[in-house]
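# Topology and contacts: notes
Chain residues, written in single-letter form:
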Amino acid sequence: MAHNHSPLIKGRKQSMDKHDAQGLDFPCGEAPASGEAKEVADGVYWIRMPLPFSLNHINLWALRDGDGWTLVDTGIWSTVTVDAWRTLFAGTLAGPVKRVIVTHMHPDHIGMAGWLTRKFGCRLWISRLEYLTCRALAADTGREAPEDAIQFYRRAGWTEDAIETYRARFGGFGKMIYAMPDSFRRLTDGESIRIGSIDWRVVVGRGHSPEHACLYSPERQLLISGDQVIAGISSNVSVFPTEPEADPLGDWLDSIDKLQQQLHDDVLVLPAHNRLFHGLHARLAQLRRSHHESLDRLRAALHEPKRVVDVFPALFARPITSDQMLMSLATGESLAHLNYLVARGEVQSNPGGDGCLWYHRQ
Ligand SMILES: [Zn+2]
């Protein structure tokens with residue numbers, strides 16, 4: 001299909017994007033097996049844990065820290081993850097865990113933070129917005145779906161059936177994370193943290209999550225990038241019901257510029273998914289281009305008024321079925337692109353008599 005590949009899900013390989021492999025190389029080979037750790041730079045270990053999704057794995061990092069370890073990201077809360085951590089602590093990662101750093105609050109990253117910090121009596125290090133947003137989302141577990149969220153999906157053009165499924169599944173976030181630590185140590189953009197013999201600078205990105213922390217070592221030319229930059233995967237950039245007018249795509253594109261300005265192109269990127277790579281600036285350029293292509297297709301589609309659900313074919317190659325997870329992702333990503341154009345005065349939205357919002361070019 002000629003148009004495709006706005007990212008539909010973090011983890012959907014954009015196989016149709018032929019540019020993905022261009023300008024990148026992958027110097028560290030394949031991932032270690034579950035329960036093993038592979039040293040990829042002096043004192044920096046690559047860990048891989050399984051995930052029960054179509055994106056079936058996450059990369060985590062163990063940084064040598066004196067006689068123990070600092071961990072970066074933690075895996076989703078599951079018995080499989082617990083077993084993998086236990087195997088690691090009995091083997092390669094013998095010695096105390098001194099702190100747990102989490103790049104951002106998505107369950108595959110923060111899921112085991114409470115378990116690890118309690119097990120070792122250490123602190124969770126995370127940015128303030130990620131910590132607080134996680135606490136808020138986890139607190140939704142056990143609640144009824146709020147009327148604001150129902151409104152949000154109704155205005156997007158969802159059927160009553162899809163809304164019913166949403167109601168039934170509401171609150172799933174909290175089930176994927178172990179009870180959160182009740183306190184944390186804040187990570188701040190630009191601060192420097194010494195871990196073992198390496199000074200890491202915190203570089204905050206936005207758009208995929210509210211205040212995502214990457215760790216950058218200018219001296220060693222290493223970047224622990226979390227979900228901010230990944231090879232072959234375009235991270236989900238979505239509007240959620242709690243902030244219907246948000247402009248996460250504006251934040252995301254600004255962050256791409258910021259990373260390109262602040263980080264050296266020679267850096268070895270240690271991403272949360274797929275393989276480690278060289279070619280940071282080429283990858284950032286690909287991501288930027290892909291979103292601008294999506295915006296162009298959206299502009300073309302809005303020659304006549306459309307609801308959110310009507311713009312899916314312009315943005316996604318794959319048909320959006322009534323699968324509620326897919327519908328939520330497609331709605332969130334479509335709104336991210338629509339709100340970007342609204343915020344820049346190119347597109348207007350008006351309520352129709354049907355309870356839906358209708359978008360059109362100015
Ligand atoms: Zn994420």
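In this report, we go over the structure that sits alongside the text.

The rules behind each value
- Residues numbered from 1 in each chain as written.
- Predicted model: local features only at pLDDT ≥ 70, side-chain atom pairs only at ≥ 80, totals over all residues.
- Heavy atoms only, no water.
- Helix = DSSP H or I, 4+ residues; strand = E, 2+ residues; numbered from the N terminus.
- Rg over C-alpha atoms; globule rule 2.2 N^0.38 Å.
- Buried < 20%, exposed > 50% of the residue type's maximum accessible area, 1.4 Å probe, protein only.
- Areas by Shrake-Rupley, 256 points an atom, 1.4 Å probe, with all protein chains shown as cover.
- Salt bridge = Lys/Arg side-chain N within 4 Å of Asp/Glu carboxyl O.
- Donors = N, O, S within 2.8 Å, 3.2 Å for Na, K, Ca; no water.
- Tetrahedral: all angles 85-135°; square planar, octahedral: opposite > 155°, others 65-115°.
- Pairing = 2+ DSSP bridges.
- Axes fitted to C-alpha atoms, helices over the stretch in contact; angles between N-to-C directions.

## Some remarks on the overall build of the chain
If you tally the helices and strands in the chain, you get 10 helices and 14 strands. The globule rule puts the C-alpha radius of gyration for 362 residues at 21 Å, and the 20 Å found for the chain is close to it. A burial count over the chain gives 56% of its 362 residues as buried. In the structure as shown, the chain presents an accessible area of about 14,800 Å², 51% of it carried by carbon and sulfur atoms.

## A short note on the pattern of salt bridges
One pass over the full model with this rule turns up 14 salt bridges. In this structure, Asp310 engages Arg307 in a salt bridge whose closest nitrogen and oxygen atoms are separated by 3.1 Å. You can call Arg307 partly exposed: its relative accessible area is 22%. Residues joined in a network through salt bridges with shared partners are Asp296, Arg299 and Glu346.

## Some thoughts on the coordination of the zinc ion
For a metal with four tetrahedral donors the ideal donor-metal-donor angle is 109.5 degrees, whereas six octahedral donors ideally subtend 90 or 180 degrees. Looking at the metal site, the zinc ion is ligated by His104 (NE2), His106 (ND1), His208 (NE2) and Asp227 (OD), spaced 2.1 to 2.2 Å from it. Bound by 4 donor atoms, the zinc ion shows angles of 91 to 174° at the metal and therefore irregular coordination geometry. Taken in sequence order, the residues that donate to the zinc ion follow the motif H-x1-H-x101-H-x18-D. With relative accessibility at 17%, the residue His106 sits in the buried group.

## Description of the pairing of strand β1 (residues 37-41)
Where β1 and strand β2 (residues 44-50) come together, 4 bridges link them in antiparallel fashion. Note on β2: the bridge partner recorded for Ala37 is Ile47. Once β1 ends, the chain turns through 2 residues before running back antiparallel as β2, passing Gly43 with a positive phi of about 80°.

## A few points about the sheet that holds strand β7 (residues 185-187)
The 7 strands are arranged β1-β2-β3-β4-β5-β6-β7 in an open sheet whose pairing can be described as mixed. Lying at the two open borders of the sheet, with one neighbouring strand each, are β1 and β7. Neighbour-to-neighbour, the strand axes of this sheet turn through a mean angle of 30°, independent of strand direction. As defined by bridge partners, strand β4 (residues 68-72) adjoins strand β5 (residues 97-101) across 4 bridges and the pair is classed as parallel.

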